[in-house]
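Inside the fold
Read off the chains here:
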Amino acid sequence: MAENESFRNDWATKDFYQVLGVAKDASAADIKKAYRKLARENHPDSNPGDDAKHETFKAVAEAYDVVGDEAKRSTYDEFRSLQSRGGFGPGMGGGGFSGGGFGGGGGFNLDDLLRERGGAGGGIGDMFGDLFGGGRARGQQQASRPRRGADVESSATIGFTDALDGVTVSLRLTSDAACPTCQGTGGKPGTRPHICPECEGAGFVVSGSGGAFAMQETCPRCGGRQLVYDEACPTCHGSGRGTSARTIQARIPAGVKDGARIRLKGKGAPGENGGPAGDLFVKVKVTPHRVFGRKDDNLTIDVPVSFDEVALGAEIKIPTLGGAPVTLKIPAGTPNGRTFRVRGKGATKRDGSKGDLLATVEVQVPASLDQTAREALESYRAATAGKPLRVGLFEA
Ligand SMILES: [Zn+2]
Ligand SMILES: [Zn+2]
């Protein structure tokens, strides 16, 4: 967090505008002009041995480092403005931290504040809780109550045979951990935060007209983080939430169907303060098989047959999934679309027994005929001419 170095300055006790002898609303050009004049007058090279002027030179440089930089100046202004409203000054209601281990120089130290935010708990929430009242009690309740971890949703795409046999898949789960780039602040690394202007650093806002019906809600501007950044973290886009992931092994049971939602107990987000972990729900997508389909515990297959095979009867070979082909006996006069059941060649059931293979015949019409086949079919037509196939269509 070296970029927060400048916050080590005791901003609460130092008026940089006064040091430079300019007004609070002075333009950047005027500040620069004032700084150059003072730096020249107090420069150690022109004042050898004059310790007072050395000190002034250092103070002027320190002041200009902050208010001469647009971003730092605006943070400083926000900070001073909050302080002047009763926020941070020593002895000004800041009992929560003025003697309590922050910084140590007596002044408020934003660097400590940022470091506290990254710590295990307490930190800024407690400090602001002290300042604004109410927030601390709320924060502590939330912190110490055992809470069950959140349920986590994930999805897995598995192959057709894996769905039948069961399979162990690796799932990458994004966690609720802080964003690794910005440590959860939501700000672009290297940029500096301001106290949130919306909630004035409280993290929550009170809506309504006050009194019994006033509602306290999380500040919409800073999302309860109490600080805002001009530039959002490029990794989390300002949410502060992590994209860090963990990988777990999840067992998908045999016989899972496409679209099924499997619950893996205790594989969700970890609980807080001893609470149980949440559950992981895995939505399973099963990629279709090129040949076989699935109907409950049965497998299905569409079998192309020729007109003569169903008309005259035939014995045809059909594949099974993961086994040797089987012979299907098609009786003469089998209608198109009839389904045959091949026992024990389907999916494995829960009890270990197997479902059936359901084979449905689909009569194929040849797209072209050679001379011999054409003549044979013309003979067939001649032999069957006058068969009243469509009579039923015209009955009233
Ligand atoms: Zn806010
Ligand atoms: Zn981030």
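Residues numbered from 1 in each chain as written. Chains lettered and ligands numbered in written order. Predicted model: local features only at pLDDT ≥ 70, side-chain atom pairs only at ≥ 80, totals over all residues. Heavy atoms only, no water.

1. With respect to the coordination of the zinc ion (ligand 1)
Distances from the zinc ion (ligand 1) to its protein donors, Cys-196 (SG), Cys-199 (SG), Cys-219 (SG) and Cys-222 (SG), fall at 2.2 to 2.3 Å. All donor residues of the zinc ion (ligand 1) come from one chain, and their arrangement in sequence is C-x2-C-x19-C-x2-C. Cys-219 sits in the buried class, given a relative accessible area of 1%. Assessed through its relative accessible area of 2%, Cys-222 is described here as buried. (Donors = N, O, S within 2.8 Å, 3.2 Å for Na, K, Ca; no water. Buried < 20%, exposed > 50% of the residue type's maximum accessible area, 1.4 Å probe, protein only.)

2. Observations regarding the pairing of strand β12 (residues 314–320)
Only one face of β12 is buried: it carries Ala-314, Ile-316, Ile-318 and Thr-320, and the other face, with Glu-315, Lys-317 and Pro-319, is open. Pairing of β12 with strand β13 (residues 323–330), which is carried by 6 bridges, proceeds in the antiparallel orientation. Paired with Thr-320 across the bridge in β13 is Gly-323. If you look at the hairpin formed by β12 and β13, you'll find 2 residues sitting between the two strands, and Gly-322 has a positive phi there, around 75°. (Helix = DSSP H or I, 4+ residues; strand = E, 2+ residues; numbered from the N terminus. Pairing = 2+ DSSP bridges.)

3. A short note on the nonpolar core
One finds Ile-158, Leu-171, Ile-252 and Ile-318 to be the most contacted residues of the largest nonpolar core, which totals 39 residues. Mapped onto the domain boundaries, this core takes at least three residues apiece from domain 2 (152–286) and domain 3 (292–383). Residues Ile-31, Val-60, Tyr-76 and Phe-79 belong to the second largest nonpolar core, which totals 16 residues. (Core = buried A, V, L, I, M, F, W, Y, C linked by side-chain atoms within 4.5 Å. Domains from an automatic or database assignment.)

4. Observations regarding the sheet that holds strand β1 (residues 152–158)
Note on sheets: strands pair through backbone hydrogen bonds, and any given pair is parallel or antiparallel. Overall, mixed pairing links the 3 strands, which are arranged β1-β9-β8 in an open sheet. Both edges of this open sheet fall to β1 and β8 (261–264), since each of them pairs with a single strand only. Ignoring strand direction, the axes of neighbouring strands in this sheet form an average angle of 30°. Taken together, the 4 bridges between β8 and strand β9 (residues 280–286) define a ladder with antiparallel strand orientation. Bridge pairing in β9 links Arg-261 to Lys-283. (Axes fitted to C-alpha atoms, helices over the stretch in contact; angles between N-to-C directions.)

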